[in-house]
Amino acid sequence: MTLGIVWVIIIAVLTLVGGVALGFFIARKYMMNYLKKNPPINEQMLRTLMMQMGQKPSQKKINQMMRSMNNQMDK
């Protein structure tokens, strides 16, 4: 009788750990795809941020910063 209860507890714990791990990886994959399709910052936001910091944003500098942010997202 107690051996049956032990097996039920072991199976429940393993199922819980497996569900948490699977849920984590699914959520991580979903968020990575979401952020790749909808980046949190775009060129206009970057231009505004640079102007607020007192810098004159050139298109070359904006392109360089966007490229470096995209490279960071790909890693």
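Owing to the predicted nature of the structure, the values given are computational and were not obtained by experimental measurement. (Residues numbered from 1 in each chain as written. Predicted model: local features only at pLDDT ≥ 70, side-chain atom pairs only at ≥ 80, totals over all residues. Heavy atoms only, no water.)

Asks: A description of the overall build of the protein should follow, citing residues and the corresponding values.
Replies: Along the protein, the regular secondary structure elements total three helices and zero strands. In the protein, the succession of α and β elements from N to C terminus is α-α-α. Radius of gyration (C-alpha) of the protein: 23 Å, far over the 11 Å computed for a compact globule of 75 residues. Projected onto the principal axes, the alpha-carbon positions of the protein cover approximately 75 × 20 × 15 Å. Looking at the protein as a whole, 7% of its 75 residues are labelled buried. Entry remark: accessible area of the protein is about 6700 Å², with carbon and sulfur atoms responsible for 68%. (Helix = DSSP H or I, 4+ residues; strand = E, 2+ residues; numbered from the N terminus. Rg over C-alpha atoms; globule rule 2.2 N^0.38 Å. Buried < 20%, exposed > 50% of the residue type's maximum accessible area, 1.4 Å probe, protein only. Areas by Shrake-Rupley, 256 points an atom, 1.4 Å probe, with all protein chains shown as cover.)

Asks: So, helix H2 (residues 43–52): which residues are in play, and what are the values?
Replies: In this structure asparagine 42 caps H2, since a side-chain oxygen of it lies 3.3 Å from the backbone nitrogen of glutamine 44. Taken from the residues just after H2, glycine 54 is the one with a positive phi, measuring 90°. (Polar contact = N/O pair within 3.5 Å; in protein donor to acceptor, adjacent residues only side chain to side chain.)

Asks: Quick rundown of the confidence of the model for the protein? Include the residues and the values.
Replies: Of the residues in the protein, 97% reach a pLDDT of 70 or more, and the chain-wide mean stands at 90. The lowest-confidence element of the protein is helix H3 (residues 59–74), averaging 86 in pLDDT; the highest-confidence one is helix H1 (residues 2–37), averaging 94. (pLDDT = per-residue confidence, 0-100.)

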